[in-house]
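# Survey of secondary and tertiary structure
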Amino acid sequence: MELNGSSPSLTKIERNGSSAPAIIEHKAFARIGLLGNPSDVYYGRTISLNIENFWASVRLEPSSDLLIRPHPTHDLVKFASLDHLVNRLKNEGYYGGVRLLMATCKVFTNYCKEQGIHLHNSNFSLSYDTNIPRQTGLSGSSAIVCATFSCLLDFYKVRDKIAVEIRPQLILNAEKELGIVAGLQDRVAQVYGGLLYMDFNKESMEKYGHGNYTQLDTGLLPPLHLIYAENPSDSGKVHSAVRQRWLDGDTFIISSMEEVASLALQGKRALLEKDYAKLATLMNQNFDLRRQMFGDASLGALNIEMVEVARRAGAAAKFTGSGGAVVAFCPDGQSQVEVLNNACKKAGFAIEPVRVVPSLLNEIDIRN
Ligand SMILES: Nc1ncnc2c1ncn2[C@@H]1O[C@H](COP(=O)(O)OP(=O)(O)O)[C@@H](O)[C@H]1O
Ligand SMILES: O=C(O)[C@H]1O[C@H](OP(=O)(O)O)[C@H](O)[C@@H](O)[C@@H]1O
Ligand SMILES: [Mg+2]
């Protein structure tokens, strides 16, 4: 499957003949955690945006057997040599996207059964592709899950039966099923699109099974830049130690997470007031708190260097997710952007302007 084009067109349905069943294709885009992450994993708050720069795409074709197709490069099983195999495992780990597609099918089916939602008996094959830099904290994993989930919603025609605010949790459950520690912000941004303020307070999470999600005008955002490097890190692994400390009642982690969550609340006000100097301060505080909680060894030297290169250019900078990519904001405008571009090029980091995806909700989604 080829991924090209720049429009955030979401769905493609092909019909091969009047009676032939439809092929369904969905995209899900990368996301940037602008403020408050990773407090979404801990009943906190975030401001996140869905970006057009990168996406994953999933294709569902009706078929006689139920088939999950391995991706030719992301699920590599054929190697030139033992060294090639070992290097591949060292750099990218054991897993590709197949397990995400399977887990999504399982969670979707179980949820529909529990809710008494009828699923017809036809089979399908699923294949995926992605251009989201792998494991760089841009939500590459949940983009694959989210696009798969959208294909299933349309194949079984149950979009009207699974409310939009429930979907991010089901998408998260697919990764939980695999033992990956993750939070809701990625999935909310990918289901809703645009720019969102999310409040995952415990009361709402326990009472309704979801947080309060508010779409904000994307025009409130100043120009942002995305910096990233080929440096895959496993977000589940990065998160697990801090998660355990939080579960064990570690007061430093608990109070720091509350502070991180409060940055999103302050950030919402700053955006609404277009107070971009404040936004820059909050972004920097967000990264400093993450660094204190997770420690340099867990964040990785290259990831920290990306933030520091941006800061030396005078930009505000923080991780977009758990590591691998950085979102930067130049409060002094275009001349500073040029300094930042040059500094990144010199350091060997890719840098590009952020392009925000507009809201992705359709009429059926909004009606529910
Ligand atoms: N580009 C990719 N291609 C295939 N599978 C991927 C890709 N990115 C992530 N995955 C799968 O998702 C799992 C979790 O990835 P994660 O560390 O959360 O990455 P990200 O930061 O991109 O979300 C990986 O262990 C792998 O199974
Ligand atoms: O640590 C974070 O900011 C995020 O980490 C995960 O996202 P990823 O793109 O996989 O790094 C996690 O899923 C998010 O909920 C966290 O906020
Ligand atoms: Mg992930």
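In this report, we go over the structure that sits alongside the text. Given the structure is predicted, the values throughout are model-derived calculations rather than measurements. (Residues numbered from 1 in each chain as written. Chains lettered and ligands numbered in written order. Predicted model: local features only at pLDDT ≥ 70, side-chain atom pairs only at ≥ 80, totals over all residues. Heavy atoms only, no water.)

## Points about the nonpolar core
One finds Leu-34, Leu-49, Phe-108, Ile-162, Leu-226, Ile-227 and Leu-340 to be the most contacted residues of the largest nonpolar core, which totals 114 residues. For this core, the element with the highest residue contribution is helix H3 (residues 140-155), accounting for 10 residues. Excluding anything up to four places from it in sequence, Ile-227 contacts Met-306, Ala-310, Gly-324, Ala-325, Val-326, Ala-328, Leu-340, Cys-344, Phe-349, Ala-350 and Ile-351. (Core = buried A, V, L, I, M, F, W, Y, C linked by side-chain atoms within 4.5 Å. Buried < 20%, exposed > 50% of the residue type's maximum accessible area, 1.4 Å probe, protein only. Helix = DSSP H or I, 4+ residues; strand = E, 2+ residues; numbered from the N terminus. Contact = heavy atoms within 4.5 Å.)

## Looking at the packing of helix H7 (residues 235-247) against helix H8 (residues 251-272)
Across the interface, H7 lies against H8 with an axial gap of 7 Å and an inter-helix angle of 105°. If you check the angle between H7 and H8, you find them roughly perpendicular. Between H7, through Val-242, Arg-245 and Trp-246, and H8, the contact on the second element is made entirely by Phe-252, Ile-253, Ile-254 and Met-257. Of the residues that constitute the contact of H7 with H8, the class distribution is six nonpolar, no polar and one charged. (Axes fitted to C-alpha atoms, helices over the stretch in contact; angles between N-to-C directions. Parallel < 35°, antiparallel > 145°, perpendicular 65-115°, else oblique. Nonpolar A, V, L, I, M, F, W, Y, C, P; charged D, E, K, R; others polar.)

## So, the environment of Pro-353
Summarising the element assignment, Pro-353 is placed in strand S11 (residues 350-353). On the basis of relative accessible area, Pro-353 is assigned to the exposed category, the value being 52%. Residues within four places of Pro-353 in sequence aside, it is in contact with Asn-53, Leu-224 and His-225.

## Some points on the sheet that holds strand S9 (residues 316-319)
Read from one edge to the other, the open sheet built from four strands follows the order S9-S10-S8-S11, with strand pairing classed as antiparallel. The open sheet has two free edges, formed respectively by S9 and S11, since each of these has just one partner strand. Pairwise comparison of adjacent strand axes, ignoring direction, gives a mean angle of 25° for this sheet. The strands touched by helix H9 (residues 276-294) are S9 and strand S10 (325-329); relative to S9, the strand with the most contacts, the crossing angle is about 40°. (Pairing = 2+ DSSP bridges.)

## Comments concerning the site of ligand 2
Lining the immediate environment of ligand 2, one finds 18 residues, of which Asn-37, Asp-40, Asp-186, Arg-290 and Ser-322 sit closest. Gly-183 is positioned with one of its backbone polar atoms (N or O) 2.8 Å from an oxygen atom of ligand 2. By residue number, the principal contributor to the shell around ligand 2 is helix H5 (residues 185-192), which donates three residues. Here the shell around ligand 2 is composed, by residue class, of four nonpolar, nine polar and five charged. (Near = heavy atom within 4 Å. Polar contact = N/O pair within 3.5 Å; in protein donor to acceptor, adjacent residues only side chain to side chain.)

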